[in-house]
Amino acid sequence: MTALVIAEHDNASIKGATFNTVTAALQCGGDVHVLVAGSNAGAAAAAAAQIAGVSKVLHADSDALAHGLAENMTAQIVAVAASYSHLVFPATAGGKNVAPRVAAKLDVGQVSDVTKVESADTFERPIYAGNAMATVQSLDAIKVITVRTTGFDPAAATGGSAVIEVLGAVAASAQVTYMGSEIAKNDRPELTAAKVIVAGGRALGSAEKFNDVLTPLADKLGAAIGASRAAVDAGYAANDLQVGQTGKIVAPQLYIAAGISGAIQHLAGMKDSKVIVAINKDPEAPIFSVADYGLEADLFIAVPELLAAL
Amino acid sequence: MKVLVSVKRVVDYNVKVRVKSDGTGVDVANVKMSMNPFDEIAVEEAVRLKEKGVVTEIIAVSCGVTQCQETLRTAMAIGADRAILVETAVELQPLAVAKLLKALIDKEQPGMVILGKQAIDDDCNQTGQMLAALADLPQGTFASKVEIVDGKALITREVDGGSETVSLTLPAVITTDLRLNEPRYVTLPNIMKAKKKPMETLTPEALGVDVTPRIKTLKVVEPAKRSAGIKVPDVATLVAKLKTEAKVI
């Protein structure tokens, strides 16, 4: 029994979500291999070989794999799938895009967003935006799963010494062409990997105030900035800052929610945070029901005060 | 160009679901059912493409119980031209739905299939990608912008940290993200008109598709509750608690 983890990487290094995914794969009970499919991704493959618990790294290199296009990634994964009992993806935008395509090509079902591995074929996953937890058993020979990274601790980045096997790369699909991307550049930690998150809601009132009020606090704490769906829909924050069932699922050490009422869909994205602080004017706001420390106050006064007190 | 849009009947997003006390699932008896919000965005996008003259016919498809007819009527009230119900009482999982839709692609030969990226009941986020795989078509998932340029679909996709653009040959499978559009409100005249639009009913057997579930639900439970903490009177107390009690700053 061997699980293959499909690594998320930027060709030079392995991205954080991969380490949590390796932990989930190890819990499936067998050996763990990692596939690094990319373009000039030798450094990423070498880094993957250092991850504790990984016994082999498969390295596929080609222009066709440069941007992680689902069509090409799927062909690469399906080519080696027969040797594996589990294909394990992080439940990131990339993993969610590719995994079901692989599952269908193999004619197997997929278990999405696994939060706990009960046994080699049985997994726990949230349904209804986290309002219920289902335990499901995969009846297929190959288990294709995506892993919610907040449910698993990251595997150690060093300590392993896996062999690296180079794979022949598949041909590029003629049906799809990568045109470009716009990735927001900032020096902040990535939302899903941040130790501290400062998040704002609709109460901020405008994009300017959202930035003016939250950015200094986030800078001071070395925090990532998050937003509720209401704030994103109102145009105060970019979509990729959205925390919630339809956005990012986060679990930082400290989550500060300013002016967020705490809709179910938002709570589904952050309730696993270690310590939650809620700042809200409305004493009845549902966010207070999950907050460790609730401060009933106007955020426009309280946040600058907090900044000054740190 | 013909477009196929799939719509799922789900528990309305405003309903707080309750887990059944015997742990077999979620209680959906007597709760309000609606069209999956992401599917509403899919129908809206198809209608907008028709209004632009890119699309000539919109076929709405739903797979499931008889009551999915209501969901299909809603899709036709938004602007779909006709509807197909693949009727079955069997619990349908994403792979089975993808196979049913693949059979309909073979039958209808659409230039595009648009689906919601995820249903808000099982939260799987699989069907579109699976359909693309089975039909051997390119996929543009989590789309925030769809343009048809020179016979190709130019799709802007939401990815971690920003967005990316891919160009797909047609036919293609597209799944919708939240920001693609804001669905219109259906008007009474359009609801009346939708009642007269044609609806065809098929079965998985007639389409030659095996819909046997591949994943077995063993139990469903309430999520672990997070207990409320304390209210602090002022910022100074908050900072003190964070430093000495929680030790997170």
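In this report, we go over the structure that sits alongside the text. Nothing here was measured: the structure is a model prediction, and the numbers come from that model.

What counts as what
Residues numbered from 1 in each chain as written. Chains lettered and ligands numbered in written order. Predicted model: local features only at pLDDT ≥ 70, side-chain atom pairs only at ≥ 80, totals over all residues. Helix = DSSP H or I, 4+ residues; strand = E, 2+ residues; numbered from the N terminus. Buried ≥ 20, exposed ≤ 12 C-beta atoms within 10 Å, placed from the backbone. Contact = placed C-beta atoms within 7 Å. Pairing = 2+ DSSP bridges. Axes fitted to C-alpha atoms, helices over the stretch in contact; angles between N-to-C directions. Parallel < 35°, antiparallel > 145°, perpendicular 65-115°, else oblique. Left-handed = near helix turned anticlockwise from the far one by under 90°. Nonpolar A, V, L, I, M, F, W, Y, C, P; charged D, E, K, R; others polar.

This paragraph deals with the overall build of chain B. For chain B, the helix and strand inventory stands at seven helices and 13 strands. In terms of overall dimensions, chain B has a C-alpha envelope of 65 × 45 × 40 Å along the principal axes. Taking all 249 residues of chain B together, 48% fall into the buried category. The long-range share in chain B, meaning contacts at least 24 apart out of those at least 6 apart in sequence, stands at 69%.

This paragraph deals with the sheet that holds strand β10 (residues 163-167) of chain A. Residues and elements named next belong to chain A. Read from one edge of the open sheet, seven strands run β5-β9-β4-β1-β2-β3-β10, paired in parallel fashion. Both outer strands of the open sheet, β5 (110-114) and β10, are each paired with one neighbouring strand and no more. Across this sheet, the average inter-strand angle for adjacent strands is 25 degrees, counted without regard to direction. Strands in contact with helix α1 (residues 16-27) are β1 (2-6), β2 (31-38), β3 (54-61), β4 (86-90), β5 and β9 (143-147); relative to β4, the strand with the most contacts, it is inclined by about 150 degrees.

This part covers the packing of helix α5 (residues 207-221) of chain A against helix α8 (residues 299-309) of chain A. A pair of packed helices is captured by two measures, namely the crossing angle of their axes and the spacing between those axes. Residues and elements named next belong to chain A. Axis separation between α5 and α8 bottoms out at 10 Å; the angle between their running directions is 25 degrees. The orientation of α5 relative to α8 falls into the category roughly parallel. Note on packing geometry: the crossing formed by α5 with α8 is left-handed. When α5 is examined against α8, the residues Val213, Pro216, Leu217 and Lys220 are found in contact with a partner set consisting of Leu299, Phe300, Val303, Leu306 and Leu307. Of the residues in the contact of α5 with α8, the class split is eight nonpolar, no polar and one charged.

With that out of the way, let us pick up the environment of Ser167 of chain B. Of note, Ser167 of chain B is situated in strand β9 (residues 162-169). Put simply, Ser167 of chain B and Val221 of chain B are 54 residues apart on the chain and 43 Å apart in space, counted from C-alpha to C-alpha. Once residues within four sequence positions are removed from consideration, Ser167 of chain B is found in contact with Thr177 and Met179 of chain A together with Lys152 and Leu154 of chain B.

The quantities given are spatial measurements derived from coordinates; they are silent on function.
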